[in-house]
Structure formats: C-alpha cells, structure tokens
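Report on the structure
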Amino acid sequence: MRHLLSPPKVMTFSATDPTGGAGLQADILTLASIYCHPISITTAITVQDTTGVELVSPVDSQLLKQQAMTILKDVEVAVFKLGLLGSLENIKAISEILETYPDIPVVLDPIIASGRGDVLMNDSMKKAMIRLIFPQTTLITPNSIEARKLVCYDDEDFESISISESAERLFNLGCKNLLITGGDEKSAAVTNTLYLENGEIIPFESERLIDEYHGSGCTLASSIAGFCAQDYSLKEAVNEAIHFTSLALKNAFNIGHGQLIPDRFHWIFNNSLYEEDEDGDNPTHH
C-alpha cells in the first residue's frame, strides 16, 4: 500500500564509512530507523575499519555543493545534520549552503578525530568551522574531549579545562545550544549535558557501558536531527535520541577486530513488532 504522507527529510553531510559503523552509513541507518528519509551528501571517501581510519579523501567542494543544491531545489528538507566535513573548501561550501537556507535547523557533530585518535581536522579547518559553521548551527554535539579541544588556547593543556568552562567558551564562539557528551569522562554513569541559549542546563544520565563503539556520536547526532525533523522540541529530541542511542549501544554487535557497531534497528526484535511463532523459533511480524 502506498503511503499518503512521506517521512520528514533530513539532509546529512558526512564521509562514507565502509564498515557501516559511523559516518554517512550510520546517519542513513539511524534516520531510517526512526522513520525519517535520509538525504545523504558525501563530503569524503574514507579507508577505515573497526579499529581506525587509514585515509580520508575529500570530494571536490563544488561537487559537494552541487549534490546539495540540486536536491534542495527539489525537496523540502526539515533539518541539516553535519558530520565529518572533509576539507577547508568543503567547510566553506557548506557554510554557503546554510546561508542560502537559514530557516532549516542544523545539528553539528564536530568530529576532530577518530576513536583511535586519528586526526580528521587540522587547525585551519577547525578555525573555519568555528567561524563559519558554529554561528549557523542550532545544536552542536561535541564529546567532552572535542569540547575542550575546540576552545583550548595554544599555550593551554586541554585536559585542564572543565566541561562547564568549555561550554561557556563555546557560547562565546557563537554557539546557540550545546550537548556535551560524557562518555569519555571517568564518572560512574555517563552524563550528557544540554546547555540551552536561554541559560538552562539539563543533565541526562545513562548507564556506562564497558565496551567501545564505532559510531556512537554519529548515531546520537543524527537521531537528534531526526527527532527535531519530527517536530520534537530540542529538549525532547535530545532525550529521545539519548534513549535511542543507549539501546543501540546495548545491542551492539561485532563485525571485526575493533569497536562494536551500534544496532540502530534494535527495536525490531525487542518490541512487539515481532513475535516468536508457535514453536518459539522464528520471528513473525504482527
């Protein structure tokens, strides 16, 4: 049967990840899982596995811009989601796209390095992202290490900066709303803290898991974008996305010798959408 209403459209800018764990593939899986239609703009091609990133090859910035602008003239996009941007030229091109469509909310996952520590953004790219992208972004979702490194002065040890000080400095750089994730902290539970432009600070606490995951930040940011596209308030979208991501991590699976892959379709076998047949063997759709 043909759907009379189409799902909300989210345009995601990111690099490919052939493992399907992070990047563009993670965005697509996540958005599809929460009933959004992903429109995927490739910023770079990567060579990577579940242990780390070996190579990032940016696409031409004009090709990137052509990908996006061609679709935007045809399709009504509800939210932009930005991940790995790939190059200085790409950052400039994406900034121009955002300027052309200022009414579309933007969720930015400011990826500086891989989980292994592979550097994915040099200083000139970081400065351009702060200057050109931050002021146009509705929500920025750095982890606690990224938050510190984004605001660290040249002569400063980034580890000495508190999360609250990082948030204050990020606001001074033009950020409107921040979600600083706490998975890299040493606390017993994970606290993800939402800082809103009205001064409200909202902590979201979740269970700390023992494994390492490939694409947890991508999953969180893209699910926030998806829930925003479905007209959730920012607080509601963040709350729903944290819950969704937590379940995806709890149901993560292993495909290689490195980090686990979040299961973005965890709900299929954990909800009443599926049930065992009379013999208790095979799942049967309701």
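Description of the structure in this document. Since this is a predicted model, take the numbers as computed values, not measurements.

Okay, the nonpolar core next. Core analysis: the largest hydrophobic core is formed by 41 residues, its most contacted members being Phe-13 and Phe-80. With six residues, the single largest contributor to this core is helix H4 (residues 123-133). Apart from the residues within four sequence positions on either side, Phe-80 is in contact with Met-11, Phe-13, Leu-72, Ile-97, Leu-98, Tyr-101, Ile-104, Pro-105, Val-106 and Val-107. Listed in part, the 25 residues of the second largest apolar core include Ile-34, Cys-228, Leu-234 and Ala-237.

Turning our attention to the pairing of strand S1 (residues 9-15). Counting buried positions along S1 yields seven of seven residues, so the element is predominantly enclosed. Burial along S1 is two-sided: Lys-9, Met-11, Phe-13 and Ala-15 facing one way and Val-10, Thr-12 and Ser-14 facing the other are all buried. Here S1 runs beside strand S2 (residues 37-48); their pairing, made up of seven bridges, is parallel. Looking at the pairing, Met-11 lines up with Ile-39 of S2. Each parallel crossover has a hand, and for S1 linked through helix H1 (residues 23-33) to S2 it is right-handed.

Interaxial distance between H1 and helix H7 (residues 216-229) falls to 9 Å at its minimum, and their mutual angle equals 45 degrees. The pairing of H1 with H7 is recorded here as oblique in orientation. When the axes of H1 and H7 are compared, the crossing they make is right-handed. In this structure, H1 contributes Gly-23, Ala-26, Asp-27, Thr-30 and Leu-31 to the contact, and H7 contributes Cys-218, Thr-219, Ser-222, Ser-223 and Gly-226.

About the thresholds
- Along each chain, residues carry numbers from 1 onward, in the same order as the chain's sequence is written.
- Since the coordinates come from a predicted model, pLDDT governs what is reported: local features require at least 70, and pairs of side-chain atoms require 80 or more to be given and counted, while whole-chain, interface and lining totals use all residues.
- Hydrogens and water molecules were not included; the side-chain quantities draw on all heavy atoms of the structure.
- Here the nonpolar core consists of buried residues drawn from Ala, Val, Leu, Ile, Met, Phe, Trp, Tyr and Cys, with membership extended through side-chain atoms lying within 4.5 Å.
- The buried label goes to any residue with under 20% of its type's maximum accessible area, the exposed label to any with over 50%, and the partly exposed label to all in between, with areas taken from a 1.4 Å probe on protein chains only.
- Secondary structure elements follow DSSP: runs of H or I no shorter than four residues count as helices, runs of E no shorter than two count as strands, and numbering proceeds from the N terminus.
- Contact definition: two residues touch when any of their heavy atoms are within 4.5 Å.
- Paired strands, as defined in this entry, are two strands with at least two bridges between them according to DSSP.
- Handedness of a crossover is defined as follows: orient the strands so they point away from the viewer, and if the path from the first strand over the helix to the second runs clockwise, the crossover is right-handed.
- Here the axes come from fitting lines to C-alpha atoms, over the contacting stretch only for helices, and the angles between their N-to-C directions go from 0 to 180 degrees.
- Angles below 35 degrees are treated as roughly parallel, those above 145 as roughly antiparallel, those between 65 and 115 as roughly perpendicular, and all remaining angles as oblique.
- When the near helix sits turned anticlockwise from the far one by under a right angle, the crossing is termed left-handed; a clockwise turn instead gives a right-handed crossing.

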